[in-house]
Amino acid sequence: MIGLIAGIDNLGNGLAIAALLFTGPLAAGLGAGVGVVLLSAAILALLVALRSTQPNSVALVQETGVAILASTVATMAAGLEEAPDGVRVATAFAILGGSTLVTGLLFWAVGRLRLGRLVRFFPYPVVAGFLAGSGWLLVEGALAMVSGRHGMSAGLAELADPMTAVTAAEAVALAVVLMVVMRRNDSPFAMPIMLLAAALAFHAGLPLLGVTAEQARGWGWLPAAAATGGFSLPVPTEVLALADWSRVAAALPAMISVAVLGMLGLLLNVSGIELAQGELAQGHDIDADAELRCTGAANLLAGALGGPSGYVGLGMTLLAGRLGATGRGAGLATAAVILGGLSVAGWLVSVTPVFLTAGLVLFLGIELLQDWLVEARRRLPRTEWLIVLAVVLAIAGIGFMEGLALGLAVSLAMFVYSYSRLPVIRGRHSGAELRSRVDRSPAASRHLAGTGAAIEAMQLQGYLFFGTAEQIVGPIRDRLGRGDTRPLRFLIIDFRHIKGMDSAAAGVFRRIRNLMEAAGATLVLSALPATVEDAFRTCGLDPDRDPVLRRAPDLDHALEACEEALLAESGGGTGAAGADTPLLRHLEAMTGPHPRLADAVAALDTLHLEPDELLIRAGEAASDVFIIGRGRVKVQIALPDGRTLRLRTMTAGAVVGEIALLLGQTRGADVVVETPATIHRLTAATLARLEREDPELALVLHRILATTLAQKVTLANRLIEQAVG
């Protein structure tokens, strides 16, 4: 049943496709054109049925690519107007077969390299525009079949002839009836029955009108072909000898377009079959690359015979599944029916009315325009639909290749515009609100709260190119020009979330560097990727030698370095005298004056440690808490790969270890001494003794611990707000 339905469908389409290609000055090749189209259809159905990963696949000759070639062949024929018929026809077959060879080679190569998925990145509006443009070319082709003249204006002018006008009216009427019936009836027999009825009605009407078949041929109602029972094929040696190969070479861009459009169509059909018929695929996914390879081989054989290209048909394959055909018999039966039809191909050509083939082509063209231009308006955003419309107008007014170029150019421009509107600045924070993971003394923290606005941290994201990099310059200019805050001393630009950068964006950073130099500020480059650094060096920026530039391994270290610079200017840096501030002054700054603070200091043990000594070991029981009097320590954890990750750095006045002590937990991280340090220790035993013997002093120590915890909770909340914001 599937073979009968698909075979009859292929016979009708084959007649229409051949008539579309071989009309007007190419009419002498119509008979051989029908033969080669039908033979190609049989080859495609047979080989795809035998090799496809979807057993019930039914392959067809596809009319969208033929629509493009019809326009190309018509242009070729117009350029060879003075050449003999044999030259024009041979050149047409060379273009047709060459296009199919290019298609087969592209299919096979992409499948062999397993790149089938990459084709799906082709812009959807451009694909829709190509398909709608192919519909327009089919409409133009239908007019050329009726008038014998290519080109919309020339074809319309021929409608002044009454006999041509009658054929055109019949073709339009048939197309309209097909549209109405096919939208209301999904039976696979509907179209073959209608076409057969139209042909029978035509031949029955001729005697009633007193018109002979010879008169009908003279008026252009029937093809000017002799009635023969068999079929003919182009002779390869004649094609090679007679074809104008310069014209064939000029058609190469159109051939490539047909191949690309065919590959997109094949992959879209495969995806549709896989989605709609998943359970009937015998539990296996359809291998798109395998489909490309087997369809490519079939097209290479069809192209060697001079035939058109094709691939698996979505509608026929789904119909096969609905009718229960799950094996390879559907495609094999289709090929058998087509081969059987070849025996009467010549006779079919001679008796098929021109209005029937023209009406069928017109119907196919209108369907493509309806699906991919009119209906696409509801599926696509307005801007993308305008790309579809622009492609169709360019194809109709200028040419197919021009429409292709326009569609790709507009899609690229729209992509650049849309991507450039994506925010490249992930976050911006002043140094007064975004601080490094360094716990400092209260005095140092208050100083940074007042002077931290001199630090600006900007985190970037995405890919930096000429369209997005300009987003960075404006905020920097605004910050440098603001007179209501501290002058900018350090600008940190964090590249941790940057995926790459082009040379134009690197030039933007050179401008930023010059702005910083003019303002007397320093540009700190944080987490600089190697690719971005290479782009910087290419445009003349050297992060290691330029006095305006400084690099940091990550944002935290960048903030720490800038904070140290601000503290050093005020004498409060880790290497300045502020680091030796007595512990009593640190505690007074933390909790305020209290008469028992001196006793609290006296209750602590004093430790003198050297760099790399371990103050706290992860996993051990917590039995004491430490207050740093001088120096620095770092809190770190060991990663599974053996590396260590710094969590925090603590300087003079910071308290460490209080959470595990108060909660009775084991230590969660190592604490390692970074610089020579004086550290004061409060043991759990001392605190318990004071709670019994001197509750007031114990309360002072608990107040110190509570104040420290409150500061850490405040800092954690601020970090969460910044991350969410």
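Reading guide: rules and limits
- Residues numbered from 1 in each chain as written.
- Predicted model: local features only at pLDDT ≥ 70, side-chain atom pairs only at ≥ 80, totals over all residues.
- Heavy atoms only, no water.
- Helix = DSSP H or I, 4+ residues; strand = E, 2+ residues; numbered from the N terminus.
- Rg over C-alpha atoms; globule rule 2.2 N^0.38 Å.
- Buried < 20%, exposed > 50% of the residue type's maximum accessible area, 1.4 Å probe, protein only.
- Contact = heavy atoms within 4.5 Å.
- Areas by Shrake-Rupley, 256 points an atom, 1.4 Å probe, with all protein chains shown as cover.
- Phe/Tyr/Trp six-rings, centres within 6.5 Å; stacked < 30°, edge-to-face > 60°.
- Pairing = 2+ DSSP bridges.
- Right-handed = clockwise from strand over helix to strand, strands pointing away.
- Expected span 1.5 Å × (residues − 1).
- Axes fitted to C-alpha atoms, helices over the stretch in contact; angles between N-to-C directions.
- Parallel < 35°, antiparallel > 145°, perpendicular 65-115°, else oblique.
- Left-handed = near helix turned anticlockwise from the far one by under 90°.
- Nonpolar A, V, L, I, M, F, W, Y, C, P; charged D, E, K, R; others polar.

A. Structural context of the overall build of the protein chain. Along its length, the protein chain carries 30 helices and 16 strands. Over its C-alpha atoms the protein chain spans a radius of gyration of 40 Å, topping by over 25% the 27 Å that the globule rule assigns to 725 residues. Counting only C-alpha atoms and orienting by the principal axes, one finds that the protein chain spans roughly 130 × 55 × 45 Å. When the 725 residues of the protein chain are sorted by exposure, 52% land in the buried category. Considering only contacts in the protein chain between residues 6 or more positions apart, those separated by 24 or more positions represent 81%. Summed over all atoms, the accessible surface of the protein chain reaches about 31,900 Å², with 61% contributed by carbon and sulfur.

B. Structural detail: the packing of aromatic side chains. The tally for this structure, following the rule as stated, stands at six aromatic pairs. Relative to Phe 536, the ring of Phe 495 has its centre 6.0 Å away and its plane inclined at 80°; by these criteria the two rings are edge-to-face. Of this pair, Phe 495 sits in strand 6 (residues 490-501) while Phe 536 sits in helix 24 (residues 530-538), and the two are 41 residues apart along the sequence. A relative accessible area of 1% places Phe 495 in the buried class. Ring pairs connect the aromatic residues Phe 495, Phe 509 and Phe 536, which therefore count as one cluster.

C. Broad picture of the sheet that holds strand 10 (residues 614-616). Spatially, five strands are ordered 4-13-12-15-10 in an open sheet, and the strand pairing comes out mixed. Looking at the sheet topology across the chains shown, the edges are occupied by strand 4 (438-439) and strand 10. Alignment of strand 10 against strand 15 (residues 670-673), held across two bridges, turns out to be antiparallel. Considered in strand 15, the bridge of Leu 614 is made with Val 672.

D. Up close: the pairing of strand 8 (residues 549-552). Sheet topology places strand 7 (residues 522-526) next to strand 8; four bridges connect them, and they run parallel. Following the sheet pairing, Leu 523 is matched in strand 8 by Leu 549. In this region the chain leaves strand 7, passes through helix 24 and returns to the parallel neighbour strand 8; the handedness of that crossover is right-handed.

E. Quick peek at helix 1 (residues 2-21). For helix 1, built from 20 residues, the straight-helix expectation of 28 Å at 1.5 Å per residue is met to within 8% by its first-to-last C-alpha distance of 28 Å. The buried fraction of helix 1 is high, at 18 of 20 residues.

F. Just the packing of helix 3 (residues 63-79) against helix 4 (residues 85-112), in detail. The contact between helix 3 and helix 4 brings their axes to 10 Å, and the two run at 150°. With respect to each other, helix 3 and helix 4 are oriented roughly antiparallel. The way helix 3 lies across helix 4 gives a crossing that is right-handed. Contacts from Leu 69, Val 73, Met 76 and Ala 77 in helix 3 reach Arg 88, Thr 91, Ala 92, Ile 95, Leu 96 and Ser 99 in helix 4. Considered class by class, the residues forming the contact of helix 3 with helix 4 number seven nonpolar, two polar and one charged.

G. Molecular detail of the packing of helix 7 (residues 162-184) against helix 17 (residues 354-374). In the contact formed by helix 7 and helix 17, the axes pass within 8 Å of each other and the chain directions differ by 50°. In terms of orientation, helix 7 lies oblique with respect to helix 17. Every pair of crossing elements has a handedness; the one defined by helix 7 and helix 17 is right-handed. Between helix 7 and helix 17, the contacting residues are Thr 167, Glu 170, Ala 171, Val 172, Leu 174, Ala 175, Leu 178, Met 179, Met 182 and Arg 183 on the first element and Val 354, Phe 355, Leu 356, Ala 358, Gly 359, Leu 360, Leu 362, Phe 363, Ile 366, Glu 367, Gln 370 and Asp 371 on the second. Tallied by class, the residues present in the contact of helix 7 with helix 17 amount to 15 nonpolar, three polar and four charged.

H. Representation of unusual backbone geometry within the structure. Of note, Ala 527 is a non-glycine position whose phi angle comes to about 50°, a positive value. Inspection of the secondary structure puts Ala 527 in the loop between strand 7 and helix 24. Non-glycine residue Asp 612 carries a positive phi angle of around 75°. Owing to a relative accessible area of 67%, Asp 612 belongs among the exposed residues under this scheme.

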